[in-house]
Amino acid sequence: NLLRWFREEMWPGAERGDEAYAAITWEAEQAERESRSPLLFLPHFYGSFVPERCAEARGGWLGLTLAHQRADLALALLEGVALQTAATVRRLVTLGAPARDLRMIGGGARSRFWAQLVADAVQQPLRLPPVREAAAQGAALLAAQAAGSSPPAGVFLGDAEAPVIEPRVSDLPTRLELYETALARLQPAWRALASTL
């Protein structure tokens, strides 16, 4: 939803479909290489669950300067969702339910670059199932389980064919430092924005 909104509102003239999203994520990847001052994106455009459940939470970009470009906004959006995923995984750990096997589904899973950002932020391998309508398949599998039936091992969301994205290691210290800093800023920024609004 966030990337579609970004395409429609910030990418004038962009055609609908995968080509537009591919163009956005390609520009974001170039922005990552140019290393301008990083932005913090709060992806709470429709409320939040982490760091706290708050229906009134709002989103936005923090740290904007005149040097930033559209591609930097796109990169921050992708990283913001990745960091929110990492924060959610950490929250699950504190609740005693660690996420040991992560999958990325939906439109975002079509971008290897975005999947790489998520794997880097979470610091866990990430599967990319080939199933496009994964939510529908998941619902069908749950219904089958409730009816006393279960699929053969390894067919959940096409696991046998799912490529695995590993966290990057070549620049791991730098990347981990960046993401740890961003994660540390995430909750105070969320609280400050929530109290302001």
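Structure: see above.
Residues numbered from 1 in each chain as written. Predicted model: local features only at pLDDT ≥ 70, side-chain atom pairs only at ≥ 80, totals over all residues. Heavy atoms only, no water.

S.K.: Which parts of the structure should I look at to understand the overall build of the chain?
M.R.: Along the chain, the regular secondary structure elements total six helices and five strands. The order of helices and strands in the chain, counted from the N terminus, is α-α-β-β-α-β-α-β-α-β-α. Looking at the chain alone, contacts between residues at least 24 apart form 70% of all its contacts between residues at least 6 apart. For the chain, the accessible surface area stands at approximately 11300 Å², while carbon and sulfur atoms represent 56% of it. (Helix = DSSP H or I, 4+ residues; strand = E, 2+ residues; numbered from the N terminus. Contact = heavy atoms within 4.5 Å. Areas by Shrake-Rupley, 256 points an atom, 1.4 Å probe, with all protein chains shown as cover.)

S.K.: Help me out: how do you make sense of the pattern of salt bridges in this one?
M.R.: A pair can form between side chains of opposite charge whenever their charged atoms are brought close. Inspection of every chain in the model, using the stated rule, returns five salt bridges. In this structure, arginine 70 engages glutamate 27 in a salt bridge whose closest nitrogen and oxygen atoms are separated by 3.2 Å. Of the two residues, arginine 70 is situated in helix 3 (residues 70-94) and glutamate 27 in helix 2 (residues 18-34); the sequence distance between them amounts to 43 residues. We classify arginine 70 as partly exposed; its relative accessible area is 35%. With a shortest N-O distance of 3.2 Å, arginine 103 and aspartate 101 are connected by a salt bridge. (Salt bridge = Lys/Arg side-chain N within 4 Å of Asp/Glu carboxyl O. Buried < 20%, exposed > 50% of the residue type's maximum accessible area, 1.4 Å probe, protein only.)

S.K.: What am I meant to see in the layout of surface pockets here?
M.R.: Where empty space is left in the structure can be found by rolling a water-sized probe over the atoms. Quantified by volume, the largest pocket comes out at close to 1000 Å³. Considering the residues around the largest pocket, the lining is formed by 31 residues, among which Asn1, Val81, Ile105, Gly108 and Trp114 are closest to the centre. For the lining of the largest pocket, the secondary structure elements donating two or more residues are helix 1 (2-10), helix 2, helix 3 and helix 4 (112-122). In terms of residue class, the lining of the largest pocket is made up of 14 nonpolar, 12 polar and five charged. (1 Å grid on protein atoms, 1.4 Å probe; cavity = no way out; pocket = protein on both sides within 12 Å on 5 of 7 lines; lining within 4 Å. Points joined across faces, edges and corners; volume = space filled by probe spheres on them. Nonpolar A, V, L, I, M, F, W, Y, C, P; charged D, E, K, R; others polar.)

S.K.: Looking at this structure, how should I read the nonpolar core?
M.R.: In summary, soluble globular proteins display a tendency toward joint burial of nonpolar side chains. Ranked by internal contacts, the top residues of the largest apolar core, which has 36 residues, are Phe6, Trp61, Leu77, Leu78, Met104, Val118 and Leu126. When residues of this core are traced back to their parent elements, those giving at least two are helix 1, helix 2, helix 3 and helix 4. The element best represented in this core is helix 3, accounting for 11 residues. In this view, tryptophan 61 contacts Trp5, Phe6, Met10, Leu39, Leu40, Phe41, Leu73, Ala76 and Leu77; residues no more than four positions away in its chain are not counted. (Core = buried A, V, L, I, M, F, W, Y, C linked by side-chain atoms within 4.5 Å.)

S.K.: I keep staring at the packing of helix 1 against helix 2 and nothing clicks. Help me out?
M.R.: Each pair of packed helices gets described by two things: the angle between the helix axes and the distance between those axes. Between helix 1 and helix 2, the shortest axis-to-axis distance is 11 Å and the interhelical angle comes to 90°. When the interaxial angle is binned, helix 1 and helix 2 end up roughly perpendicular. Of the residues in helix 2, those touching helix 1 at Leu3, Arg4, Phe6 and Arg7 are Ala20, Tyr21 and Ile24. Considered class by class, the residues forming the contact of helix 1 with helix 2 number five nonpolar, no polar and two charged. (Axes fitted to C-alpha atoms, helices over the stretch in contact; angles between N-to-C directions. Parallel < 35°, antiparallel > 145°, perpendicular 65-115°, else oblique.)

S.K.: I tried to follow the sheet that holds strand 4 (residues 126-127) on my own but got confused; where do I start?
M.R.: Within a sheet, adjacent strands bond to each other through the backbone by hydrogen bonds, running parallel or antiparallel. In spatial order, the strands read 3-4-5; together these three strands make up an open sheet with mixed pairing. Among the strands making up the open sheet, the edge pair consists of strand 3 (102-103) and strand 5 (164-165). The pairing of strand 4 with strand 5 spans two bridges and is antiparallel. Residue pairing for strand 5: arginine 127 is matched across the bridge by valine 164. (Pairing = 2+ DSSP bridges.)

S.K.: What exactly am I supposed to notice about the packing of aromatic side chains here?
M.R.: Two descriptors summarise a pair of aromatic rings, namely the distance from one centre to the other and the angle between the planes of the rings. Per the stated rule, a full pass over the model turns up five aromatic pairs. Between phenylalanine 41 and phenylalanine 45, the aromatic rings sit 5.6 Å apart at their centres with planes inclined by 45°, giving tilted as the arrangement. (Phe/Tyr/Trp six-rings, centres within 6.5 Å; stacked < 30°, edge-to-face > 60°.)

S.K.: It is not clear to me how unusual backbone geometry should be interpreted in this structure. Could you clarify?
M.R.: Phi is mostly negative for residues that are not glycine, and the peptide bonds are mostly trans. Of note, the phi angle at glutamine 123 is positive, near 60°, even though the residue is not glycine. Inspection of the secondary structure assignment puts glutamine 123 in the loop between helix 4 and strand 4.

S.K.: Sorry if this is basic, but what is going on with helix 4 here?
M.R.: Across the 11 residues of helix 4, 10 count as buried, placing the element largely inside the fold. Those residues of helix 4 not exposed but buried are Phe113, Trp114, Ala115, Gln116, Leu117, Val118, Ala119, Asp120, Ala121 and Val122. After helix 4 finishes, the residue glutamine 123 shows a positive phi value of roughly 60°.

S.K.: What is the right way to read the environment of arginine 185 from this model?
M.R.: Looking at the secondary structure, you find arginine 185 in helix 6 (residues 172-196). Here arginine 185 falls in the partly exposed class, since its relative accessible area comes to 36%.

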